Amino acid sequence: MRKVLPLFFCLFSTAFLHAQLNWQRPVLLEYGVIKIEKVERSSQQFPIKMIGGLIFVQAKLEGNIGHFILDTGAPTLVVNRTLRKQFRPDKQILGITGQSEIGMRLIHDFRLGQLKTKPIEAIDVDMSHLEKLIRHPIEGLIGYQAINNYELLLDYEQQQIELLKPNGQPEQQDLEIIGRLPFELMGHFPVIKVQIGKRTYHFGIDTGAETNLIARKHKRRLRHWTDKDGTRKYLQGVDKGRVSAYFTQLNNLHIAGKNYDSLPFTFTDISHLNSSRKVKLDGILGYPFLKSQLFSINFKDQEIRIWAPRAKPSQQEEDLMVKLTECLMRR
């Protein structure tokens, strides 16, 4: 029996089927803008819990503490509709595994650490089947609009994330930026250029993607860069449906001057992501890529930054600094 994997990526970055919604307009206008009331510190750290490739963080919804998935592929706050008795679906979304009904819900109080939102309309959707699949409660998703005024630092190794104010510095003082990768913001999606072999492809960055995805139509073209021992599995979506996908590893990817080999990828149909985009997405980079280095996403400057601990001075450099200090003190 083929294994079924949960798929959370881009749950709400897909095309809406409801006639009143149009991707040509900013989709955030449909949901209302999340406004942050107050943040006292220049940065905030949050412990996270990893379940598979999903980032779980605790937050407060209407005074109740719950477990939320950090999903930049969602445009705004998404709430699990099973947490309330009444639900009136009035829209549909088209995802990777089919259609799903959603509703809208007015949220009066949502807090992530010291971040507090004003009353907003959130997306309401049933996630009960996904909770059963991963055996963990899901109160909702924290999407782009809740964090787009900050720089999001992802530290999978230390099991924490950090939200930095503009031009802020991480609490870990010995970190420095060693690379910068500009991106184009398409809706709420950071999109970067990736070179595979001699061709350039466009990939979206998504913290809610458990696996890297690439359009099935590129499978033949990329056959020279894929491992031969691929496997077929099923992907589970928010709509309770599932689709077949081909899991393999890609080699010879060039991103921000670095070469990536043996990076896990899944070939599947992602046409629903491109229904009205001027630049068509060729794939999604998620957890397997984002965990490879210490990345931050700066939505304001439209830049992905690569961080690393500052190199410690050698003994010779330290001795030289001591001598220079002594010379200055003698003057």
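A few points on the structure.

Criteria and cut-off values
- Residues numbered from 1 in each chain as written.
- Predicted model: local features only at pLDDT ≥ 70, side-chain atom pairs only at ≥ 80, totals over all residues.
- Heavy atoms only, no water.
- Helix = DSSP H or I, 4+ residues; strand = E, 2+ residues; numbered from the N terminus.
- Buried < 20%, exposed > 50% of the residue type's maximum accessible area, 1.4 Å probe, protein only.
- Contact = heavy atoms within 4.5 Å.
- Areas by Shrake-Rupley, 256 points an atom, 1.4 Å probe, with all protein chains shown as cover.
- Phe/Tyr/Trp six-rings, centres within 6.5 Å; stacked < 30°, edge-to-face > 60°.
- Lys NZ or Arg CZ within 6 Å of the ring centre and 35° of its normal.
- Patch = residues over 30% accessible without salt bridge, like charges linked within 9 Å, V, L, I, M, F, W, Y side chains within 5 Å.
- Salt bridge = Lys/Arg side-chain N within 4 Å of Asp/Glu carboxyl O.
- Lys, Arg positive; Asp, Glu negative; His and termini not counted.
- Charge placed at Lys NZ, Arg CZ, Asp CG, Glu CD.

**Quick look at the overall build of the protein**
When you go through the protein residue by residue, the secondary structure sums to five helices and 27 strands. Counting across all 331 residues of the protein, residues that qualify as buried make up 53%. For the protein, restricting intrachain contacts to residue pairs at least 6 apart in sequence, the fraction spanning at least 24 positions comes to 69%. About 16500 Å² of surface is accessible on the protein, with carbon and sulfur atoms providing 47% of the total.

**Focus: the packing of aromatic side chains**
Taken as a whole, this structure holds six aromatic pairs when the rule is applied. When the ring of Phe203 is compared with that of Phe265, the centres are 5.9 Å apart and the planes differ by 70°; the resulting orientation is edge-to-face. Remark: Phe265 occurs in strand β24 (residues 263–268) and Phe203 occurs in strand β18 (residues 199–205); sequence separation between them is 62 residues. One exposure class covers both Phe203 and Phe265, and it is buried. One aromatic cluster in this structure is built from Tyr260, Phe289 and Phe295. Over the face of the ring belonging to Phe247 we find Lys233, whose NZ or CZ atom lies 5.2 Å from the ring centre.

**As for the environment of Gly52**
With respect to the secondary-structure elements, Gly52 resides in the loop between β3 (49–51) and β4 (54–61). Overall, the relative accessible area of 55% leaves Gly52 in the exposed class. With 82 residues separating them in the primary sequence, Gly52 and Ile134 have C-alpha atoms 8.5 Å apart. With near-sequence residues (within four places) excluded, Gly52 lies in contact with Glu210 and Tyr287.

**A word on the environment of Ile304**
Considering the arrangement of structural elements, one finds Ile304 in strand β27 (residues 303–309). Overall, Ile304 belongs to the buried group, its relative accessible area being 3%. The spatial distance from the C-alpha of Ile304 to the C-alpha of Pro190 is 8.8 Å, given a sequence separation of 114 residues. In this structure Ile304 touches Gly179, Arg180, Leu181, Phe183, Ile192, Ile205, Phe295 and Ser296, once residues within four positions along its chain are discounted.

**Side note on a positive patch on the surface**
Among the surface-exposed residues, Arg199, Lys217, Arg221 and Lys280 lie close enough to one another that they form a single positively charged patch. Here Arg221 is to be found in the loop between β19 (213–215) and β20 (231–236).

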